[in-house]
Amino acid sequence: MTQWFESDFQFHQLYPFEIQLLANKHWTSLDIIRKAVQFLAPKDGVKVLDIGSGVGKFCLTGAYLKPGTFFYGIEQRQNLSDYAEGAKNVLDLMNVNFIRGNFTQLDLKHYDNFYFYNSFFENLDGSEKIDNTLLYSESLYNYYSQYLRNELEKMPSGTRIATCCSWDDEIPADYHLIESQINTALKFWVKK
């Protein structure tokens, strides 16, 4: 199984060619995932949610790196969720679960820490879309950002968030920026 995690190119071979073409723009690199996972899973037993998990790259890599942590991914698109399940079966990982749906349908209190890779940006004009299966609008971007911020405010002290390529619209004021890396693209937050 190790060979799948040696490079982004190797990992992307888990998916059909049309998904591989989207990878560099829409899914996190393994280098960033490794750093985020170390921050989000500081001990065994933590439950990490990837909001907008796509084909599951973050969760699958996290599950491989941290077998004592459980990773969950929420994704609206059925086909991407199916690709994530297929890759999970190939990798035979037991500490990962994919949920098909909108993150607004989840109770975030069931999770300890969160990963967010700008999954709302598709709603903004001029952004590259994965496909045309969803409705897109700036009002949806604003709604999702506000909704996530409100839900994160309800989380207990010590909750961790790793964001990548985000404008931080979704981060509540009571989360402290601990560290930023990779020219501030990757940020680590902890609730006070």
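Owing to the predicted nature of the structure, the values given are computational and were not obtained by experimental measurement.

*Asks:* What should I look at first to understand the nonpolar core in this one?
*Replies:* The nonpolar side chains of a soluble globular protein tend to be buried, and buried together. Formed by 38 residues in total, the largest nonpolar core has its most connected members in Phe58, Leu60 and Tyr115. Going through the elements one at a time, α2 (17-26), α3 (30-40), α4 (57-65), α5 (78-91), β3 (96-100), β4 (113-117), β5 (160-164) and β7 (186-191) are the ones with two or more residues in this core. With 7 residues, the single largest contributor to this core is α3.

*Asks:* Is there a simple way to explain the packing of α3 against α4 in this structure?
*Replies:* Describing two packed helices takes the angle between their axes plus the distance from one axis to the other. Their axes nearest at 10 Å, the elements α3 and α4 cross at an angle of 60°. Of the possible angle classes, the one that applies to α3 and α4 is oblique. In this structure, the crossing between α3 and α4 has a hand that is right-handed. Contacts from Leu30, Ile33, Arg34, Ala36, Val37 and Leu40 in α3 reach Lys57, Phe58, Thr61, Gly62 and Leu65 in α4. Residue composition of the contact of α3 with α4, grouped by class: 7 nonpolar, 2 polar and 2 charged.

Rules used in this analysis
Within each chain, residue numbers correspond to sequence positions counted from 1 in written order. The predicted origin of the model limits local features to residues at a pLDDT of at least 70 and limits the giving and counting of side-chain atom pairs to 80 or more, whereas totals for whole chains, interfaces and linings rest on all residues. Side-chain measures were taken over the full set of non-hydrogen atoms in the model, leaving aside hydrogen atoms and water. Nonpolar cores were defined as sets of buried Ala, Val, Leu, Ile, Met, Phe, Trp, Tyr and Cys residues, with membership established by side-chain atoms within 4.5 Å. Note on classification: 1.4 Å probe, protein chains only; a residue is buried when its accessible area is under 20% of the maximum for its type, exposed when over 50%, partly exposed between these limits. The numbering of helices and of strands both runs from the N terminus, where a helix is a DSSP run of H or I of at least 4 residues and a strand a run of E of at least 2. To obtain an axis, a line is fitted to C-alpha atoms, over the contacting stretch when the element is a helix, and the angle between two such axes runs from 0 to 180 degrees between their N-to-C directions. For classification, angles of less than 35 degrees are called roughly parallel, those exceeding 145 degrees roughly antiparallel, those between 65 and 115 degrees roughly perpendicular, and all remaining angles oblique. Each crossing gets its handedness from the near helix: less than a right angle anticlockwise from the far helix is left-handed, clockwise is right-handed. Throughout, a contact is declared for two residues whenever any of their heavy atoms are within 4.5 Å. For this scheme, ten residues count as nonpolar: Ala, Val, Leu, Ile, Met, Phe, Trp, Tyr, Cys and Pro. Four count as charged, namely Asp, Glu, Lys and Arg, and the remainder, Gly too, count as polar.

Take it as geometry only, folks, not as evidence of what the structure does.
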